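# A look at the structure
One-letter residues, chain by chain:
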Amino acid sequence: MMTESEIIERAVVIGNEFGLHARVATALVQTMRRHSCHVTLRKESMEVDARSVLGLLLLAATNGTELVIRANGPGSEQAVREICELLQDDGSNHDGHR
Amino acid sequence: MMDTDSFGSAIISGEIPTNTMIKGVGVSVGIGIGQVVLMERLVADTCPCRILSPEEIPDEVARFEAAVETAENRLRTIRSSIESGHPLDDHSYILDAHIMLLRDKMLYEGTRQSIEKGSQNAEWALSEIMAKITAAFDSIDDDYLKERARDVHFVGDRVLRILLGVSSEKKMHQLPPNSILVSHDLSPADTAQLKKESVLAIATDVGGKTSHSAIMSRSLKIPAVTGLEKVSRLVQTGDTIIVDGSTGLVIINPDAEMIFRYRQRQELLRNYHQSLLAYGRLPAVTRDGARTIRVLANIELVDEVDIAVAHGCEGIGLFRTEYLFIGRPDLPTEEEQFGAYKAVLSLNKPYPVTIRTLDIGGDKIASSLNLPRETNPAMGLRAIRLCLNIKDVFKTQLRAILRAACYGHCRLLIPMISCITEVHATKSILEEVKQELSNEGIPHGGDIDFGILVEVPSAVAIADLLAREVDFLSIGTNDLIQYSLAIDRMNEHVNYLYDTLHPAVLRLIRQVVNAGQAYGVNVGMCGEMAGDPINIPILVGLGIDELSMNALSIPIVKKLIRSISYEDCLELTHQAFQMQSAQGIHDFLEKWIFDRFPGDYFLSQQ
């Protein structure tokens, strides 16, 4: 169990061919709804809240961009893991099959 | 694109000289003459700023939250007023997106924090956050993202108005008759509430031909001009104004003579259309009797068949089936589709009905399919590519079409074919479905015509190979032009390059027609190009067999075909193929028609 004061930082490379676009951003915000921790994503000097679709879109993170995930609060470890998975996903698991 | 400067405070308009003309972009055809109703500009820049005392803060936060809730409820009401089958049905998803944006953390929490921590009043806090977000989006070099800045403004403006107690909505509902709506910009939610009866036309400062509001005004058949830059600063409510959606011209304070002239033009348009209807009943035979062109209609809804028949269609050249699939959480059942196809077939008997199978990107249909979002959907998993990928959905559609084929002359049209493998794959699924229906003892039309939509340049290049495999070819010019000229029609920076009469386009068409003739296969055309009089002589000269178009264009196209001779068309085509530029060809074709029939053909809607 994480203590609330601990801050986790992890780098992740965007795997989706089309970058962090609206659908990925929406999925990320939905993921965050299941967690109560505070998570931000940073690209260079720009840092945004992972709970805002607008913020995520503003990162304009294309395929191959490196982002730094920063989380603190309960369940941070789990949230970061899920976000990493989501961002690294190249979409091949949903290649159009049902 | 968002122009932050243009949100500056309103210019006090002085006396505007009579007949002041400004030019914008005509986005929805027709003429409106009436009195201006000026919608206030976005209010973001005129917000009062005030530092709150600590005890005021909780109430201010509550006031902000209440305003967001009111805005949300209002958007939901507008959203639900668009019923299935409403002309704006296809556009309602944009309202869903706006509802979601209202609660976006950046906008919502950001504003709350500015109130709580910055002691700013709600209007100030929100407008500042909006400006920040807009500026940030604007600095990104991505058109899709830049457009999101406008969404933020539409949504934020709605909340601001509620906070300020200035409603823009009252006007939308209570517009006096004969209103011409003038505004800086019109949000999709604004447009969705317009009453066609009271709004004669729309004029706005910003927006392009492909903005949501432009598309919506076309669906509502309200004449509209956008991109006028400053019209909302020049006019006042009550001013007389003429909006010509065909030419993109707006005339402020017209004098009696100008009004008279435009009334005449309006009347002419109306009578002209009336007198043309008679031609709809006649066959499209060239004057020398050498060629007969079958003229058909493009439709989307079963309800459109009546109007198509009234205008003299000889069948349906393109029945778009997408409307059955979009704007709903689930997929249409086989029975539901069967009902729609059967109805259209029965109503057109004995004429053919060409049913195009699902031509759509994965992002537009049932979310249950869980398809990935694509940044370049035009070149992505759509149309037949998607159908071959979601075989169950495709088979259900084919079953419904095959069953309906018992009730008329049915033709199957497969969109976006780019190689022969797709034809083979489609045919094998079709055979599979036929077999299944036979096994189940369900009656179906076994010998329906199989055709493909030629709209990808590679299909043109192998038109000879494809022609051997099909019963008919149909050229889809909208996509063919877009793909062959590498121009995104929706991109306002390049759409000026979109040229129907580009020599390359004409050569591609010729290649398809030649392939069809070589293998005895009918060649039709169903894009917008087919319904515009200026293109008709050259299409006849190229030897096209069928033209399918918007029902309203049928009478004028038939009239024109009946007035020209095939021999002249051949000569014209020969000459046009010597020319080098789209503009040159356009001018030549226009003059050719004008010299023979002055004033007859360029009054109609495009």
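Here, every reference points to the structure presented above.
Summarised in this report is the structure supplied together with it. (Residues numbered from 1 in each chain as written. Chains lettered and ligands numbered in written order. Predicted model: local features only at pLDDT ≥ 70, side-chain atom pairs only at ≥ 80, totals over all residues.)

## Structural notes on the nonpolar core
Counting residues in each nonpolar core, the largest one holds 99 residues, and the members touching the most others are Ile316, Ile401, Ile417, Val454, Leu473 and Val512 of chain B. Sort the elements by how many residues they give to this core and helix H19 (residues 503-518) of chain B lands first, with seven residues. Judged by nonpolar contacts, the second largest core, of 92 residues, contains Leu28 of chain A together with Ala67, Ile180 and Val231 of chain B. (Core = buried A, V, L, I, M, F, W, Y, C linked by C-beta atoms within 7 Å. Buried ≥ 20, exposed ≤ 12 C-beta atoms within 10 Å, placed from the backbone. Helix = DSSP H or I, 4+ residues; strand = E, 2+ residues; numbered from the N terminus.)

## A closer look at the pairing of strand E10 (residues 292-299) of chain B
Residues and elements named next belong to chain B. Most of E10 sits out of view: six of its eight residues are buried. One ladder, built from two bridges, connects strand E9 (residues 284-285) with E10; its direction is antiparallel. Residue pairing across strands places Val285 opposite Thr292, the latter belonging to E10. Counted along the chain from E9 to the antiparallel partner E10, the turn is six residues long, and its residue Gly289 has a positive phi close to 70°. Direction of pairing for E10 relative to strand E17 (residues 546-549): parallel, over a ladder of four bridges. Bridge pairing in E17 places Leu296 opposite Ser548. (Pairing = 2+ DSSP bridges.)

## What about helix H3 (residues 105-116) of chain B?
Its 12 residues give H3 of chain B an end-to-end C-alpha distance of 15 Å, which sits within 8% of 16 Å, the value for a rise of 1.5 Å per residue. Within H3 of chain B the residues assigned to the buried category are Met106, Leu107, Tyr108, Gly110, Thr111, Arg112 and Ile115 of chain B. (Expected span 1.5 Å × (residues − 1).)

## What about helix H4 (residues 122-138) of chain B?
Residues spaced three or four apart along an α-helix face the same direction, because each turn holds 3.6 residues. Residue and element names in this part refer to chain B. Spanning 17 residues, H4 covers 24 Å between terminal C-alpha atoms, matching the ideal 24 Å at 1.5 Å per step. Counting buried positions over the 17 residues of H4 gives 12, a clear majority of the element. Taken together, the buried positions of H4 are occupied by Ala122, Glu123, Trp124, Ala125, Leu126, Ser127, Ile129, Met130, Ile133, Thr134, Ala136 and Phe137.

## What to know about the sheet that holds strand E3 (residues 31-38) of chain B
All names here are of chain B. Strands sit in the order E1-E8-E7-E3-E4-E5-E6-E2 across an open sheet of eight strands; the sheet is mixed. On the outer flanks of this sheet lie strand E1 (20-23) and strand E2 (25-28), each paired with one strand and no other. With direction set aside, neighbouring strand axes in the sheet form an average angle of 30°. Both E1 and strand E8 (residues 249-252) contribute to a ladder of four bridges, which runs antiparallel. Its bridge partner being in E8, Met21 is matched across the sheet by Ile251. (Axes fitted to C-alpha atoms, helices over the stretch in contact; angles between N-to-C directions.)

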